[in-house]
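An overview of the molecular structure
The primary structure of each chain is shown beneath.
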Amino acid sequence: MMVTGMTQRYPNIRFQLAHAGGTLPFLSHRVSVAAQTVIGELWPADLPRPSILDTQRQIANFYYDTALSGSAAAMAGVLAVSSRDHVVFGSDWPFSALTLPQSGTHDPAPGLSGVFDADQRMEVERINPLRQLPRPAAAVDA
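Overview of the structure. What you see is a predicted model; the values in this text were computed from it and never measured.

Concerning the overall build of the protein chain
The number of helices and strands found in the protein chain is eight helices and three strands. Along the chain direction, N to C, the helices and strands of the protein chain fall in the order α-β-α-α-α-β-α-β-α-α-α. Its C-alpha atoms put the protein chain at 55 × 35 × 25 Å along the principal axes. The proportion of buried residues among the 142 residues of the protein chain is 32%. Considering only residue pairs separated by 6 or more positions, the protein chain has 62% of its internal contacts joining residues 24 or more positions apart. Accessible area for the protein chain stands at about 8,800 Å²; split by element, carbon and sulfur atoms hold 62% of it. Between the averaged position of the 10 positive side-chain charges in the protein chain and that of its 12 negative side-chain charges there is a distance of 6 Å.

Things to note about the packing of aromatic side chains
Counting across every chain of the model gives one aromatic pair. Look at Phe15 and Phe62: their rings are 6.3 Å apart centre to centre, the planes differ by 75°, and that puts the pair in the edge-to-face class. With a gap of 47 residues between them, Phe15 in the loop between α1 (6-9) and β1 (16-17) and Phe62 in the loop between α4 (52-61) and β2 (63-65) connect regions that are remote in the sequence. The buried category is assigned to Phe15, whose relative accessible area is 17%. According to the relative accessible area criterion, Phe62 is buried, its value standing at 4%.

Structural notes on the sheet that holds strand β3 (residues 87-88)
The parallel open sheet is built from three strands, whose spatial order is β1-β2-β3. Edge strands, defined here as strands with exactly one partner in the open sheet, are β1 and β3. Pairing geometry for β1 and β2, over two bridges, is parallel. Each residue of the ladder has a partner; that of Leu17, found in β2, is Tyr64.

Looking at the packing of helix α7 (residues 118-132) against helix α8 (residues 134-141)
The contact between α7 and α8 brings their axes to 6 Å, and the two run at 125°. With respect to each other, α7 and α8 are oriented oblique. Between α7, through Arg126, Leu130, Arg131 and Gln132, and α8, the contact on the second element is made entirely by Pro134, Pro136, Ala137, Val140 and Asp141. Residues belonging to the contact of α7 with α8 are distributed by class as follows: five nonpolar, one polar and three charged.

As for the packing of helix α2 (residues 24-33) against α4
The geometry of a pair of packed helices is captured by two quantities: the angle between their axes and the separation between those axes. One can describe the packing of α2 onto α4 by two numbers: an axis separation of 8 Å at closest approach and a directional angle of 155°. With respect to α4, the axis of α2 lies roughly antiparallel. Once α2 is placed against α4, the crossing between them reads as right-handed. Contact with α2, carried on its side by Leu24, Ser28, Val31, Ser32 and Val33, involves Ile52, Thr55, Gln56 and Ile59 of α4 and no other residues of that element. Considering only residue class, the contact of α2 with α4 consists of five nonpolar, four polar and no charged.

Re the nonpolar core
Phe62, Tyr64 and Met75 are the most contacted members of the largest nonpolar core, which has 16 residues in total. The dominant element in this core, judged by the number of residues it contributes, is helix α5 (residues 72-81), at three residues.

Calculation criteria
- Residues numbered from 1 in each chain as written.
- Predicted model: local features only at pLDDT ≥ 70, side-chain atom pairs only at ≥ 80, totals over all residues.
- Heavy atoms only, no water.
- Helix = DSSP H or I, 4+ residues; strand = E, 2+ residues; numbered from the N terminus.
- Buried < 20%, exposed > 50% of the residue type's maximum accessible area, 1.4 Å probe, protein only.
- Contact = heavy atoms within 4.5 Å.
- Areas by Shrake-Rupley, 256 points an atom, 1.4 Å probe, with all protein chains shown as cover.
- Lys, Arg positive; Asp, Glu negative; His and termini not counted.
- Charge placed at Lys NZ, Arg CZ, Asp CG, Glu CD.
- Phe/Tyr/Trp six-rings, centres within 6.5 Å; stacked < 30°, edge-to-face > 60°.
- Pairing = 2+ DSSP bridges.
- Axes fitted to C-alpha atoms, helices over the stretch in contact; angles between N-to-C directions.
- Parallel < 35°, antiparallel > 145°, perpendicular 65-115°, else oblique.
- Nonpolar A, V, L, I, M, F, W, Y, C, P; charged D, E, K, R; others polar.
- Left-handed = near helix turned anticlockwise from the far one by under 90°.
- Core = buried A, V, L, I, M, F, W, Y, C linked by side-chain atoms within 4.5 Å.

Below, the structure written as structure tokens:
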């Protein structure tokens, strides 16, 4: 999306990346400098060649869900490239029910409590998703 210019053409679309963005947070620096390397010399003339700062801004603007990624390591990567207001709850249900041990607490992401305090979890699990989806937010808050 960044290489083809889609994120620049549609800056108001809120792209949400599953599983804490996969490897994107970890590889964000490499992705940011790619256009400045020999790859940049091969960049198609009809596509915008992003700068390092523009690529970092685009990565920061993505939303990252917590599906099967509720660990300190995964969230540290996300929070290194974006802010907490761009982290939203994701469960990966029904697959998570098959892979996560049942804690008895009915907490679908118990690892998030090691990363976020109760108010921050409320932000990630309710406030941020509702901010991202204003129509359902209006129905829920009505």
